Structures are given as C-alpha cells and as structure tokens.
Amino acid sequence: MIAALLSSVVLVAAGWPLACWFNTESGQGGRRIGEAYLLGAALTAAVLFLLSLVHVSWSRPALLIGLTLAMIGAMAARGRILAAVARPRIRAHWIDLLTVLLVIGYAHFATRAPTVEYDFIGIWGLKAREFWFAHGVDWRFLENPFNEFAHVDYPLLVPLVFDHYAILAGAWPDRWLGVVNVCFGIATLLILRSFVEEETSSWMVAALATVAMISSALSPWIGLAEGPLVAYGATGVLYVRRGMQRVGRERATDVTRGAVFLAAAAMCKNEGLTLIVAVAAGLLVAGAFATLLRLWPAALTAAMWMAIRSIHHLQGDLTSGSIGSRALGHLGNLGPMFEAMGRYPLGRPLFWGGIIAAILLGLRRIVQRERFLASVILCQLLFVLAAYLVTPHDVAWHVRWSWERILNQLTILILFLAFTGLLPWMEPREAPLTIEGEENPQLSEPPNADAKA
C-alpha cells in the first residue's frame, strides 16, 4: 500500500509544473491537484513509451530520470511556476464530508482484493504485466494474432500507468492497482468541482452537485480504462466549453488546454478517439469554426497512434472484415439492438429520471447556452450506436456487456448539462464569479462569441 501511495505522489509531483502552467487562476487548489495527477499519469505513460521506442529497458532510475527531465522542461518553459505553489486554496462546505466518506468507502472497495474484472485480467492488466516482464512495450505480444482477444488495438496509456506503479514498487502490485481507480476518481471530482464553482456562487449548490457526480466519477469497473477515460474526457470537454464562452486569448488558451486532455483521453480507449470528433462536431454546431484548429494536440496524438497501430498491424474486432455489409445487415433489422437495450436496462431509475426531469426543466437554457455540450453528448452517443451496427458479435450480447459501462463515460457530461440547465431554478439570479479580481467573462459572453471574434 505504501508503495502505491508513493507512486501516486510521484505522479502528482511530476504533473504539478504542467498543472501550474495550465491553471494560473488563484483559489483553484482542487483543480490544480486533480490536473497534476492526470497530467503526471499521461507524462509517465509518455516517458515509458519513449523509453521503449529508443530501446531503453524500463527501470526505476530510467523512469524517474525521464519524469525529472520533463518537470525541469516544464519549469523552464514557465518561470513563474514555483511562485504559484503557495497560492492554491480549496473551498469546502460541510456537505463535502459526505463526499469524503463516500470516497473513503470507494477506496476500501477498490483495494480490498485484486480486481476480478475480466477485462482487466484479459486486456488491461494482461498487457501491463506483459510489458512489465519485457521491461518495455512488447510489440511481438501485440502483433501476435493469437492475442487479438486482448484488444491489441486499444491505446496504451492505462497499461503504462499500471506499469509505473509496478516499476516503482519493484513488484507487480496486484491488489493495490485499485489505487489507480481511486486517484483518477478523486482527480475527476476535484476538477469537476472547480468547473461547477465557476457556474454558481453558492458553495452549497456546488457541494450538492459534487455528491450527485460521485457515482459517475468513481468507476465501479476496477482496473479498466473507464475511470481514466472519464477523467480526461470530461476535463477536456469542459475546458473547451469554457473556452467557447470566452473571447480572445482566453478562448484560445482554454480550448488548447482541453485539447491536451482530449489527447490523453484518446490514448485511453477508442472511445477517446471518437470523442475528439464529437468535440469538433460540437464546435461546428456552435459556429466556432476558427476554434477547430486549436484541437491540434488531440488530432496530432490520435493521428500518431493510428499510424503506430497501422505500422504494427494492430486491428480490432469492430474494424475487421466487411464493415459495410455488417452495418447494412443491422440497419435492416434494428429490433434486436433496441430490444437488448430494453432487456438490459441501465439501472438507477430514480437517478436517470431526475436527470431527464432536470434537462426538461432547463431545456430552454440548454438550447440557448449549451449547444456545444449537448452536441458533443449526442454525437458521442451516435458513435456508440454505430459501434453496435458494425459489431461482428451478436448485437444482444454486445449491448448486454457494454451498454451501461459505455454510457457511464458520458454520464458526467450529462449531469453537468442538467446542472447548468437547472441553475436558474436553484439561484434567483446569476452572480458573477471573480478570478484574480476580474469578473468571469464566461457568465457574460454569448456562447457564439467565436463568430464575433
């Protein structure tokens, strides 16, 4: 346990200079800590991947030296990072005690025993362990056609983060890899809380919204890529959304920040790749054509992984065989897909009923101010349905074992959309939020300021 906690601290320390570079607003201590872990995890995955590319065997010194050089580079690029360390503050409400208790319970659940999830045993954990034994990314394992069951086409960020913990521990931390889920969940809550606080002047409303998001931020699928994907994807989308409500340099900066997190989401799962397209579609719907170019970090990362995947002939089940004929076949008979969605419901009827009611109550505000976020959610849902149309497996089987898990990737964004729609019902009027003594422009700028800019 001590080794797992220390490994997590190393990730926060490695990502701290980048988090301070990304987030210079005062009073955002929670966001900075959460982003530090996310950026540190992405950084350690990048270091391990680069070490493999240059044929340097993985070791504790090699990893720590690589992370240290990256930290020094970030500090050199942003000379005022160290001055920002003393400024972060975290605001809290007594309701947050409930959040803390639930996180503690989740941490106990995630680390009580080694995960029994099949996808960890046969996909994420299997690849991480193979890489750890090989002291690098084992391309021969990935290229072997007998290992296609392990989804060798999936991006490698999550297995490489598991390897970070194994390398620093000096052994395979079977049980304590659940700490990865816990840390990503806490980071998600801290970052989401900061975005919620920008929307409301009420600490109580922010605390209640955080409690509502717990079940989606703390992934029940221990050892899978769902938690990291939610963390990076939600952070990236909400940064782009914030940029959409700003003008000038602030808009460009926020959208680029979002693109960096979207790039990390793309390296978690294939759904992260489609999320980049969904965000681009959302920008088009919102009329922010010029902002599209700011997504270049995400687009470049996705293109690089697609090229590597092509070079090593890593192909998944959805892209193999005759995709067109499968899609036409399923389109001609949509009954089994919708029947399976009804037969294997998402559960939590009160939860989803509340979300639907909130969206209906705030529909006018959502249409006026949240076209981007709503478009991203709808576009990503269409990608999910498209995956069922091209699946080579029995569609009922595919829906049964993926529908709830995949939709959970979007639940955070759906909750945030419902929350923003309900704001006029929770507060008599919108109070401007001040950041470093200046009025927050996102509460006064129209959503389509890009066209005017």
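Note that the structure is a prediction, hence the values are computed from the model and not measured.

### Thoughts on the overall build of the protein chain
When you go through the protein chain residue by residue, the secondary structure sums to 20 helices and 2 strands. By residue count, 55% of the 453 residues in the protein chain fall in the buried class. Long-range pairs, those at least 24 residues apart, make up 81% of the contacts in the protein chain between residues at least 6 apart in sequence. Carbon and sulfur atoms provide 68% of the accessible area of the protein chain, an area that totals close to 19700 Å².

### Describing the layout of surface pockets
In this structure, the largest pocket encloses a volume near 1400 Å³. Contributing to the lining of the largest pocket are 47 residues, with His 151, Tyr 154, Leu 318, His 398 and Arg 405 lying nearest its centre. Of all the secondary-structure elements, those providing two or more residues to the lining of the largest pocket are α5 (118-134), α12 (270-285), α13 (296-311), α18 (371-390) and α19 (395-426). Considering each element in turn, the lining of the largest pocket owes the most residues, 10 residues, to α19. Partitioned by chemical class, the residues of the lining of the largest pocket number 24 nonpolar, 11 polar and 12 charged. The space that makes up the second largest pocket amounts to roughly 900 Å³.

### So, the packing of aromatic side chains
Summed over the entire model, instances satisfying the criterion amount to 13 aromatic pairs. With a centroid separation of 5.2 Å and 20° between ring planes, the pair formed by Trp 124 and Tyr 154 is classed as stacked. With Trp 124 in helix α5 and Tyr 154 in the loop between α6 (139-143) and α7 (157-169), the pair connects residues that are 30 residues apart, well separated along the chain. Look at Phe 184 and Tyr 232: their rings are 5.8 Å apart centre to centre, the planes differ by 65°, and that puts the pair in the edge-to-face class. Here Tyr 232 lies in helix α10 (residues 226-244) and Phe 184 lies in helix α8 (residues 178-199), a separation of 48 residues in the sequence. Comparing Phe 184 with Tyr 232, the two get one shared label, buried. These aromatic residues form a ring-pair network of at least three members: Tyr 37, Phe 184 and Tyr 232.

### Regarding the pattern of salt bridges
Applying the stated criterion to the full structure yields 14 salt bridges. With a shortest N-O distance of 2.5 Å, Arg 242 and Glu 198 are connected by a salt bridge. Of the two residues, Arg 242 sits in helix α10 while Glu 198 sits in helix α8, which places them 44 residues apart along the sequence. On the basis of relative accessibility, which here comes to 0%, the residue Arg 242 falls in the buried class. Note that Arg 405 and Glu 226 form a salt bridge whose closest N and O atoms lie 3.1 Å from each other.

### Description of the side chain of Ser 7
Looking at the element boundaries, Ser 7 is found in helix α1 (residues 2-22). We classify Ser 7 as buried; its relative accessible area is 1%. With residues up to four places along the chain from it excluded, the contact list for Ser 7 reads His 164, Tyr 165 and Leu 168.

### Observations regarding the nonpolar core
Tyr 165 and Tyr 232 are the most contacted members of the largest nonpolar core, which has 139 residues in total. It is α19 that provides the largest number of residues to this core, a total of 15 residues. When neighbours within four sequence positions are excluded, Tyr 165 is seen to be in contact with Ala 4, Ser 7, Ser 8, Leu 11, Tyr 37, Pro 173, Leu 177, Val 179, Val 180 and Cys 183.

### Let's talk about helix α14 (residues 323-331)
Among all positions in α14, only Arg 326, Ala 327 and His 330 are buried. One face of α14 carries all of its buried residues, which in axial projection span an arc of 100°. In this fold, the buried residues of α14 make contact with α18 and α19.

### Some points on unusual backbone geometry
Even without a glycine there, the phi angle at His 55 is positive, about 60°. In this fold, His 55 is placed in the loop between α2 (29-53) and α3 (60-77). On the accessibility criterion, His 55 (74% relative accessible area) is exposed. In this structure, His 151 is a non-glycine residue whose phi angle is positive, near 50°. With respect to the secondary-structure elements, His 151 resides in the loop between α6 and α7.

### What to know about the packing of α5 against α7
At a closest axis distance of 8 Å, the pairing of α5 and α7 adopts a crossing angle of 50°. Classified by the angle between their axes, α5 and α7 sit oblique to one another. Considering the relative orientation of α5 and α7, their crossing is right-handed. Between α5 and α7, the residues in contact are Phe 120, Trp 124, Lys 127, Ala 128, Arg 129, Phe 131 and Trp 132 and Val 158, Pro 159, Leu 160, Phe 162, Asp 163, Ala 166 and Ile 167, respectively. In the contact of α5 with α7, the residues fall into 11 nonpolar, no polar and 3 charged.

### Remarks on empty space enclosed by the protein
Inspection of every chain in the model, using the stated rule, returns 3 cavities of 30 Å³ or more. Quantified by volume, the largest cavity comes out at close to 90 Å³. Contributing to the lining of the largest cavity are Leu 229, Val 230, Gly 233, Ala 234, Glu 271, Leu 275, Gln 380, Gln 409, Leu 410 and Leu 413. For the lining of the largest cavity, the elements supplying multiple residues, two or more each, are α10, α12 and α19. Looking at the lining of the largest cavity element by element, the count peaks at 4 residues for α10. Here the lining of the largest cavity is built from residues that sort into 6 nonpolar, 3 polar and 1 charged.

### Notes on the confidence of the model for the protein chain
Here the protein chain averages 86 in pLDDT, while 90% of its residues score no lower than 70. Within the protein chain, the element-level pLDDT minimum falls on helix α20 (residues 449-452), averaging 40, and the maximum on α7, averaging 96. The model gives residues 81-86 a pLDDT under 50, and that stretch makes 8 contacts with residues more than four places away or in other chains. Across residues 429-453, where pLDDT falls below 50, the model places 57 contacts with residues more than four positions away in sequence or in other chains.

Cut-offs used in this document
- Residues numbered from 1 in each chain as written.
- Predicted model: local features only at pLDDT ≥ 70, side-chain atom pairs only at ≥ 80, totals over all residues.
- Heavy atoms only, no water.
- Helix = DSSP H or I, 4+ residues; strand = E, 2+ residues; numbered from the N terminus.
- Buried < 20%, exposed > 50% of the residue type's maximum accessible area, 1.4 Å probe, protein only.
- Contact = heavy atoms within 4.5 Å.
- Areas by Shrake-Rupley, 256 points an atom, 1.4 Å probe, with all protein chains shown as cover.
- 1 Å grid on protein atoms, 1.4 Å probe; cavity = no way out; pocket = protein on both sides within 12 Å on 5 of 7 lines; lining within 4 Å.
- Points joined across faces, edges and corners; volume = space filled by probe spheres on them.
- Nonpolar A, V, L, I, M, F, W, Y, C, P; charged D, E, K, R; others polar.
- Phe/Tyr/Trp six-rings, centres within 6.5 Å; stacked < 30°, edge-to-face > 60°.
- Salt bridge = Lys/Arg side-chain N within 4 Å of Asp/Glu carboxyl O.
- Core = buried A, V, L, I, M, F, W, Y, C linked by side-chain atoms within 4.5 Å.
- Arc of directions from axis to C-beta.
- Axes fitted to C-alpha atoms, helices over the stretch in contact; angles between N-to-C directions.
- Parallel < 35°, antiparallel > 145°, perpendicular 65-115°, else oblique.
- Left-handed = near helix turned anticlockwise from the far one by under 90°.
- pLDDT = per-residue confidence, 0-100.

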